[in-house]
Amino acid sequence: MHQTDSEPAIRIRGLRKTYGSQAAVDGVDLDIARGETFALLGPNGAGKSTTVEILEGYRSRTGGEASVLGVDPAHGGLDWKSRLGIVLQSTGESGAFTVREQLRHFAGFYPNPRDVEEVIAAVGLEAKASTRIAKLSGGQRRRVDVALGIVGRPELLFLDEPTTGFDPEARRDFWQLVRTLKAEGTTILLTTHYLDEAAQLGDRAGVIVGGRLVDVGRVHELGGAAARVPIVRWRGADGLVHEQRTDEPARLVASLVADLGGEPAELEVIRPSLEDIYLDLVRSHAGTEHAGTEHAGTEHAGTHSVGATGPTIDPTTDAQEALA
Ligand SMILES: Nc1ncnc2c1ncn2[C@@H]1O[C@H](COP(=O)(O)OP(=O)(O)OP(=O)(O)O)[C@@H](O)[C@H]1O
């Protein structure tokens, strides 16, 4: 039975998964609308794959509720499975068959599969269609995984780190393929470590840390407005580095120039990137392991920060240094 259009494609409430005393997923609530592309972000071990595999019906849950295309994934039958497309993080694809043979074989499991040659073209494997999978490169095998995920014309597509191992051109091609699938009405749940991928593809994104969803929203609104306030940094006459968050950096710089009677030393105006904001979100929710690292032991120890309303920017991060 198909769900009504107004029901979300995915609805989870209080989802929990524990391994012994460890909670891998610790009370996640989330709705993903039909036709939406949702990106799940989070550091290694945050609980992304566990969440996705529960929704795919591959893992049992310890607690909470889940509904996927109107069905509890713990009890999804073959009819339900045929409406899903799944690209797992790693696959044990046997290499004995050619790309075309493998796809034809899988297409036979679905009631309304896509044309195999079209799928081969969509993932850019025309030149390898008659090659045994064992002889493909890692990135080419990953394309086979994606092809197997879409050959059944799924209503809902799960993509677990789909572009790992892709070269930059293959990633662009893949993004275009996802946009095409989205335009056809496919709902997509994507996990990724690439923030640009989330920004390119996701209507919304969620950040999961320690099994909890710590933020959900449009990708460019993650962390809230305060996290995007620019930072002006300069070295004062006292020899210390000062920084101030302000929505009016030009006004602040003008007043500094007036006060100092000239150019402020080492002046920088920094707009936090998506990566900075994401890293701050992760750090601020990651418990004690990162505590005490902010500004510690750097020349910024004397930094004077006024009006800092957003998450603290740690100037020691690579991302921040790239901006500086
Ligand atoms: N079968 C298992 N038995 C015990 N612990 C597990 C098992 N599978 C996952 N875990 C633990 O659950 C936590 C969440 O793992 P999960 O694979 O969901 O993380 P992830 O966010 O997908 O990470 P990554 O980005 O590295 O893929 C981790 O601490 C992991 O060690």
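Rules and cut-offs
- Residues numbered from 1 in each chain as written.
- Predicted model: local features only at pLDDT ≥ 70, side-chain atom pairs only at ≥ 80, totals over all residues.
- Helix = DSSP H or I, 4+ residues; strand = E, 2+ residues; numbered from the N terminus.
- Buried ≥ 20, exposed ≤ 12 C-beta atoms within 10 Å, placed from the backbone.
- Contact = placed C-beta atoms within 7 Å.
- Near = placed C-beta within 6 Å.
- pLDDT = per-residue confidence, 0-100.
- Pairing = 2+ DSSP bridges.
- Axes fitted to C-alpha atoms, helices over the stretch in contact; angles between N-to-C directions.
- Parallel < 35°, antiparallel > 145°, perpendicular 65-115°, else oblique.
- Left-handed = near helix turned anticlockwise from the far one by under 90°.
- Nonpolar A, V, L, I, M, F, W, Y, C, P; charged D, E, K, R; others polar.

1. Concerning the overall build of the protein chain
Argument step 1. For the protein chain, the helix and strand inventory stands at 10 helices and 13 strands.
Argument step 2. Taken across its 324 residues, the protein chain has 35% of its residues classed as buried.
Argument step 3. Within the protein chain, residue pairs in contact and separated by at least 24 positions form 68% of the contacts whose partners lie at least 6 positions apart.

2. Some points on the site of the ligand
Argument step 1. Surveying the vicinity of the ligand reveals the residues Tyr19, Ala24, Gly42, Asn44, Gly45, Ala46, Gly47, Lys48, Ser49, Thr50 and Gln89.
Argument step 2. Looking at which element gives the most residues to the shell around the ligand, the answer is helix α1 (residues 48-55), with three residues.

3. With respect to the confidence of the model for the protein chain
Argument step 1. Of the residues in the protein chain, 85% reach a pLDDT of 70 or more, and the chain-wide mean stands at 84.
Argument step 2. Taken as a whole, residues 288-324 scores under 50 in pLDDT and shows 54 contacts with residues more than four places along the chain or in a different chain.
Argument step 3. Reported confidences for the modelled complex are a pTM of 0.81 and an ipTM of 0.97.

4. As for the sheet that holds strand β1 (residues 10-19)
Argument step 1. Ordered by their spatial adjacency, three strands build an open sheet running β2-β1-β4, and the pairing between neighbours is antiparallel. Every interior strand has two partners, whereas the edge strands, β2 (22-32) and β4 (63-68), have only one. Strand-to-strand twist of the sheet, defined as the mean angle between neighbouring strand axes without regard to direction, takes the value 25 degrees.
Argument step 2. Bridge count for β1 against β2 is eight bridges, and the pairing is antiparallel. By the bridge assignment, Arg16 is partnered in β2 with Asp26.
Argument step 3. Strands β1, β2 and β4 of the sheet are contacted by α1, whose axis makes an angle of about 120 degrees with β1.

5. Describing the sheet that holds strand β7 (residues 187-191)
Argument step 1. Judged by pairing direction, the sheet is mixed, and its six strands sit side by side in the order β5-β6-β7-β3-β8-β9 without closing on themselves. Whereas interior strands pair on both sides, the edge strands pair on one side only; in this sheet they are β5 (84-87) and β9 (212-217). Each neighbouring strand pair of the sheet contributes to a mean axis angle of 15 degrees, computed without reference to strand direction.
Argument step 2. Relative to β9, strand β8 (residues 204-209) runs antiparallel, the two being bridged by five bridges.

6. Considerations on the packing of helix α3 (residues 99-107) against helix α5 (residues 138-150)
Argument step 1. Two elements in contact, α3 and α5, have axes whose closest approach is 9 Å; the angle formed by their N-to-C orientations is 25 degrees. The orientation of α3 with respect to α5, classified from their angle, is roughly parallel. Helix-helix and strand crossings are classified by hand; for α3 and α5 the assignment is right-handed. Contacts between α3 and α5 involve Val99, Gln102, Leu103 and Phe106 on the former and, on the latter, Val144, Ala147 and Leu148.
Argument step 2. Tallied by class, residues from the contact of α3 with α5 come to six nonpolar, one polar and no charged.

7. Things to note about unusual backbone geometry
Argument step 1. Backbone geometry at Leu69 places phi at a positive 50 degrees, although glycine is not the residue there.
Argument step 2. For Leu69, the position within the fold is in the loop between β4 and α2 (78-81).
Argument step 3. Residues other than glycine seldom take positive phi values, yet Glu161 does so here, at roughly 45 degrees.
Argument step 4. Turning to its location among the elements, Glu161 is positioned in the loop between β6 (156-160) and α6 (168-183).
Argument step 5. Look at Glu161 and you get partly exposed, because 19 C-beta atoms sit within 10 Å.

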